[in-house]
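One-letter residues, chain by chain:
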Amino acid sequence: MTDSITNDPVAAATELAPQIRAAREYIQSECAFPSRLVEGMAQGNLFQLYVPKSIGGPETDPITAFRAVEELSKADGSVGWCAAVAGAISMYAAWVPAKVGLELFGQPLDIRAAGSFRPTADARKIDGGYKIGGRWNYVSGSDHANWLVLNCNIVNGDGQFTTPVLDTQGNPVTRLMIVPRSAAVVERTWSTLGMRGTGSNDVVIEEAFVADEHTCLLYDPPTIDGPLYDRRTVSAISWTLMAANALGMARGAMDTFVHLATSSGTTTTPVLMRDRTAVQTTVGEAEAIIGAARAYVLDSVGSMWEAACQAITDPGPRVLHTRLAITHAMRESVRAVDLLYYAAGTNAIHESNELELYFRDLHTAGQHIAGLHSNFEYGGQVLLGLPPGGSGW
């Protein structure tokens, strides 16, 4: 891969698309990526989209990052998902000092991060750092990761006699721990309807030491400045990549359906599907759904990014619309693919038809917190002048 491609993640994603499609069978059966594909994604900066320039990262703006993940997801949902998750996690390289980041991640930079922000394990403070141990689930891309970013509950005491550390509001204190992937064991727990290739298994650490400088608080200010790292917008910028993943799969499904409709009939008639009024109507409606959802995401993210670059005092209203647009895009992508799936009839149920894979993957991705219906409730609360029930609004 040339240097010019390496520095353009959208071009890198586009160039990798044929290789991704050729690897689909392997990705589905092995619940992992071929090493050659991992190498190509790493060279294209597709695992480290949001890493700061100060430590050698691309510090990609969210619109460009969206388009890169969208391109990958057109080819395969699991590949796009792992790039989205790794890209979102890579942002937290800005939460450690640049000097520490350079020492930790090395040069040339190669951060293939996986992790979990759910604090399902504990960390005990000791001299110079923390001792951590436990299990974290849904760690997408843990097989090809070289770093893990894991949220932990901070506790006092030892063994069975521990007590949680609480903040001034009485809430448990958590902290992100950056550890090498080699510190953990992956347990094969990922058996799902879709997104099988993400290999979102559990990771288990029996015991590991994490130095103070390799940790950070999730909602503390970053140590590196830049519009990408404003803690008020960090959740929305991260979850923008989830919308890109869903919309990319929806576009891939549309392309698949159009090819099917213009080249074959069904099991009951040889008449091309495209010549049927119901199919024509479905294609028009699905195209409008996908296009409208994508436009809302790009408009709201673009507005939020402009505010961040101009250091506008209160980005809240723009964050609100970005969060709504992300959830809307994920749910509408599922709806569009449902329309196409049912219009395809029995053609759609066979694994030999790529529409079946997009259907399964989208229904799995849509269960992510970014796509839950409750996000509309939280947005509505903000619009009505009430405090939101969820974080990041």
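Let us look at the structure shown here. All values reported here derive from a predicted model rather than from experimental measurement.

**Notes on the overall build of the protein chain**
(1) Moving on: Helices and strands together make up the secondary structure of the protein chain, namely 12 helices and nine strands.
(2) Moving on: A compact globule built from 393 residues should have a C-alpha radius of gyration of about 21 Å, and the protein chain, at 21 Å, falls within 12% of that.
(3) Moving on: Projected onto its principal axes, the C-alpha coordinates of the protein chain cover approximately 75 × 50 × 45 Å.
(4) Moving on: As presented, the protein chain carries roughly 16900 Å² of accessible surface, and 53% of it is formed by carbon and sulfur atoms.
(5) Moving on: Treating the 28 positive side-chain charges of the protein chain as one cloud and the 41 negative ones as another, the clouds have centres 2 Å apart.

**Thoughts on the packing of aromatic side chains**
(1) Moving on: Tallying each qualifying case throughout the model produces eight aromatic pairs.
(2) Moving on: Consider the rings of Tyr138 and Trp190, whose centres lie 6.2 Å apart with planes at 90°: the pair is edge-to-face. Pair noted here: Tyr138 is in strand S3 (residues 129-139) and Trp190 is in the loop between strand S7 (185-187) and strand S8 (201-211), with a separation of 52 residues, a long-range link.
(3) Moving on: Between Tyr378 and Trp393, the aromatic rings sit 6.4 Å apart at their centres with planes inclined by 70°, giving edge-to-face as the arrangement. You can see Tyr378 sitting in helix H12 (residues 374-383) and its partner Trp393 sitting in the segment after H12, a full 15 residues away along the chain. For the pair formed by Tyr378 and Trp393, the shared burial category is buried.
(4) Moving on: Three or more aromatic residues joined by ring pairs make a cluster, and in this case those are Tyr92, Trp95, Phe117 and Tyr229.

**Re the environment of Ala32**
(1) Moving on: Relative to the assigned elements, Ala32 resides in the loop between helix H3 (24-30) and helix H4 (35-43).
(2) Moving on: For Ala32, a relative accessible area of 16% puts it in the buried group.
(3) Moving on: A C-alpha to C-alpha distance of 7.9 Å links Ala32 and His144, two positions 112 residues apart in sequence.
(4) Moving on: Those residues in contact with Ala32, other than ones at most four positions away along the chain, are Tyr26, Ile27, Asp143 and Gly197.

**Let's talk about helix H11 (residues 354-365)**
(1) Moving on: Taking 1.5 Å of rise per residue, the 12 residues of H11 would be expected to cover 16 Å, and the 17 Å separating its terminal C-alpha atoms lies within 8% of that figure.
(2) Moving on: Counting buried positions along H11 gives 10 out of 12 residues, so the element sits mostly inside the fold.
(3) Moving on: Here H11 has its buried residues at Leu355, Glu356, Leu357, Tyr358, Phe359, Arg360, Asp361, Leu362, Thr364 and Ala365.
(4) Moving on: Where H11 starts, the residue carrying a side-chain oxygen 2.9 Å from the main-chain nitrogen of Leu355 turns out to be Asn353.

**Re the pattern of salt bridges**
(1) Moving on: Enumeration according to the criterion identifies 14 salt bridges in this entry.
(2) Moving on: Here Arg232 and Asp230 are joined by a salt bridge, their closest N and O atoms 2.7 Å apart.
(3) Moving on: Residue classification places Arg232 among the partly exposed residues on the basis of a relative accessible area of 41%.
(4) Moving on: Residues Arg251 and Glu287 are paired through a salt bridge, measuring 2.9 Å at the closest nitrogen-oxygen approach. In this pair, Arg251 is assigned in helix H8 (residues 234-261) and Glu287 in helix H9 (residues 277-309), connecting sequence segments 36 residues apart.
(5) Moving on: Assessed through its relative accessible area of 34%, Glu287 is described here as partly exposed.

**Concerning the environment of Pro388**
(1) Moving on: Here Pro388 is to be found in the segment after H12.
(2) Moving on: Between the C-alpha atoms of Pro388 and Tyr378, which are 10 residues apart in sequence, the distance is 4.9 Å.
(3) Moving on: The contact partners of Pro388, leaving out residues within four places of it in the chain, are Tyr378, Gln381, Val382 and Trp393.

**Things to note about the pairing of strand S5 (residues 161-164)**
(1) Moving on: Of the strand pairs in this sheet, strand S4 (residues 147-158) and S5 are connected by four bridges, and their pairing is antiparallel. Counterpart to Asn156 in the pairing with S5 is Thr163.
(2) Moving on: Counting the residues between successive antiparallel strands, the hairpin from S4 to S5 contains two residues, one of them, Gly159, with a positive phi of roughly 60°.

**Focus: unusual backbone geometry**
(1) Moving on: Gln107 connects to Pro108 through a cis peptide bond whose omega is -5°.
(2) Moving on: When you line up the elements, Pro108 lands in the loop between helix H7 (98-105) and strand S1 (113-116).
(3) Moving on: For Asn45, which is not glycine, the phi dihedral falls at a positive 65°.
(4) Moving on: Inspection of the secondary structure assignment puts Asn45 in the loop between H4 and helix H5 (62-75).
(5) Moving on: Positive phi is not limited to glycine here, since Glu59 has a value of about 45°.
(6) Moving on: The exposure class of Glu59 is partly exposed, given its relative accessible area of 22%.

Cut-offs applied
- Residues numbered from 1 in each chain as written.
- Predicted model: local features only at pLDDT ≥ 70, side-chain atom pairs only at ≥ 80, totals over all residues.
- Heavy atoms only, no water.
- Helix = DSSP H or I, 4+ residues; strand = E, 2+ residues; numbered from the N terminus.
- Rg over C-alpha atoms; globule rule 2.2 N^0.38 Å.
- Areas by Shrake-Rupley, 256 points an atom, 1.4 Å probe, with all protein chains shown as cover.
- Lys, Arg positive; Asp, Glu negative; His and termini not counted.
- Charge placed at Lys NZ, Arg CZ, Asp CG, Glu CD.
- Phe/Tyr/Trp six-rings, centres within 6.5 Å; stacked < 30°, edge-to-face > 60°.
- Buried < 20%, exposed > 50% of the residue type's maximum accessible area, 1.4 Å probe, protein only.
- Contact = heavy atoms within 4.5 Å.
- Expected span 1.5 Å × (residues − 1).
- Polar contact = N/O pair within 3.5 Å; in protein donor to acceptor, adjacent residues only side chain to side chain.
- Salt bridge = Lys/Arg side-chain N within 4 Å of Asp/Glu carboxyl O.
- Pairing = 2+ DSSP bridges.

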